[in-house]
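Observations on chain architecture
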Amino acid sequence: MPPIVKIIAADICQSDGSTILKNVNLEIGAGEFTYLIGKTGSGKTSLLKTIYAALPLYIGAGEVAGFNLKDVTRRNVHLLRRKLGIVFQDFNLLTDRNIADNLLFVLRATGWNDHASMHNRIGEVLQEVGLLSKRNAMPFELSGGEQQRVVIARALLNKPPLILADEPTGNLDPETSDDVLTLLRNLAKQHKTAVICATHDYRILQNFPARIVRIQKGRLIDD
Ligand SMILES: Nc1ncnc2c1ncn2[C@@H]1O[C@H](COP(=O)(O)OP(=O)(O)O)[C@@H](O)[C@H]1O
Ligand SMILES: [Mg+2]
């Protein structure tokens, strides 16, 4: 299996042109779970944004899920995004619609149109995160942990080979964080999904050990 992420000698730059990280080399194998750690402001989110092509890659090379990052444009970025599941710290559920409709929104936006298959898929992913009974609930009716599980369900919709999780436990208490990590780890293993999980939560690194890459002084270091 080719690696799901391969970044070679890349500079990670912000949209204002400032360089955040220099000479980044990173290879993530298919199905591999990797933590990305580093202090606040060290560039974890910037690196993840480069991987999902929200920040441009000018210097160096990058390939993600078979897409050359230099070939990704505004017009074809949806093809890359369909291969990625994205789980952020703040849950980003649309507050004006129920859980099923939140998932429906993503399916429509990623090119699904058959009603029966969309509803089937929504049922499947909610089942996987144990929230089928909440399909008609509004986001505000769910706890933080439940909302984050919906976000994980949402990330699974298109069966992506790679999930990017940006501080997925940042807003959760320790026990709920463990539940969310357990779920993410189990699903990733079951579906052979690679995960890059940015975190500065050292507790989850201890409780759920995996490969760690670290950002230190503007460099990416493979531990
Ligand atoms: N939208 C932005 N425009 C310019 N600079 C930014 C932007 N977002 C973050 N930065 C800067 O990029 C650096 C890395 O930030 P970030 O990638 O968010 O780090 P982390 O996720 O590790 O906290 C910081 O110095 C931050 O100030
Ligand atoms: Mg961040």
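Residues numbered from 1 in each chain as written. Chains lettered and ligands numbered in written order. Predicted model: local features only at pLDDT ≥ 70, side-chain atom pairs only at ≥ 80, totals over all residues.

1. A look at the site of ligand 1
Neighbouring ligand 1 are Gln14, Ser15, Asp16, Ile20, Gly38, Thr40, Gly41, Ser42, Gly43, Lys44, Thr45 and Ser46. Per-element accounting of the shell around ligand 1 gives the leading share, three residues, to helix 1 (residues 44–51). Among the residues forming the shell around ligand 1, the class breakdown is one nonpolar, nine polar and two charged. (Near = placed C-beta within 6 Å. Helix = DSSP H or I, 4+ residues; strand = E, 2+ residues; numbered from the N terminus. Nonpolar A, V, L, I, M, F, W, Y, C, P; charged D, E, K, R; others polar.)

2. Here's the deal with the environment of Glu146
For Glu146, the position within the fold is in helix 5 (residues 144–156). With 21 C-beta atoms counted inside 10 Å, the residue Glu146 sits in the buried group. Considering only alpha carbons, one finds Glu146 and Leu131, 15 residues apart in sequence, at a separation of 7.7 Å. Residues contacting Glu146, with those up to four places away along its chain left out, are Leu131 and Lys134. (Buried ≥ 20, exposed ≤ 12 C-beta atoms within 10 Å, placed from the backbone. Contact = placed C-beta atoms within 7 Å.)

3. Re helix 5
With 13 residues, helix 5 ought to run about 18 Å at 1.5 Å a step, and its terminal C-alpha atoms sit 19 Å apart, in line with that. A large share of helix 5 lies buried, amounting to 11 of its 13 residues. Within helix 5, burial applies to Glu146, Gln147, Gln148, Arg149, Val150, Val151, Ile152, Ala153, Arg154, Ala155 and Leu156. Residues of helix 5 that are buried sit in contact with strand 6 (84–87), helix 3 (99–109), helix 4 (115–128), strand 7 (162–166) and helix 6 (174–191). (Expected span 1.5 Å × (residues − 1).)

4. What to know about the sheet that holds strand 9 (residues 211–216)
Spatially, 6-7-8-3-9-10 is the arrangement adopted by the six strands of the open sheet, whose pairing is mixed. Since the sheet does not close on itself, it has two edges, and those belong to strand 6 and strand 10 (219–222), each with one partner. The average undirected angle you get between the axes of adjacent strands in this sheet is 20°. Inspection of the sheet shows strand 7 paired to strand 8 (residues 194–199) by five bridges, in the parallel sense. Residue pairing for strand 8: Ile163 is matched across the bridge by Val195. With respect to the sheet, helix 5 is in contact with strand 6 and strand 7, its orientation differing from that of strand 6 by roughly 165°. (Pairing = 2+ DSSP bridges. Axes fitted to C-alpha atoms, helices over the stretch in contact; angles between N-to-C directions.)

5. Here's the deal with the packing of helix 3 against helix 4
In the contact formed by helix 3 and helix 4, the axes pass within 10 Å of each other and the chain directions differ by 120°. Of the possible angle classes, the one that applies to helix 3 and helix 4 is oblique. Crossing handedness for the pair helix 3 and helix 4: right-handed. Along its contact with helix 3, which presents Ala100, Leu103, Leu104 and Leu107, the element helix 4 presents Met118, Arg121, Ile122 and Val125. When the residues that make up the contact of helix 3 with helix 4 are grouped by side-chain class, the tally is seven nonpolar, no polar and one charged. (Parallel < 35°, antiparallel > 145°, perpendicular 65-115°, else oblique. Left-handed = near helix turned anticlockwise from the far one by under 90°.)

6. Notes on helix 6
For an α-helix the count is 3.6 residues per turn, leaving residues at separations of three or four pointing the same way. Helix length check: helix 6 (18 residues) gives 26 Å between terminal C-alpha atoms against 26 Å at 1.5 Å per residue, within 8%. Every buried residue of helix 6 is accounted for by Ser177, Val180, Leu181, Leu184, Leu187 and Ala188. Along helix 6, the residues classed as buried sweep out an arc of 135° about the axis, all on the same side. Among the exposed residues of helix 6, those pointing more than 90 degrees away from its buried face are Glu175, Asn186, Lys189 and Gln190. On its buried face, helix 6 is in contact with strand 3 (33–37), helix 4, helix 5, strand 7, strand 8 and helix 7 (202–207). Lys192 sits one or two residues past helix 6 and shows a positive phi near 55°. (Arc of directions from axis to C-beta.)

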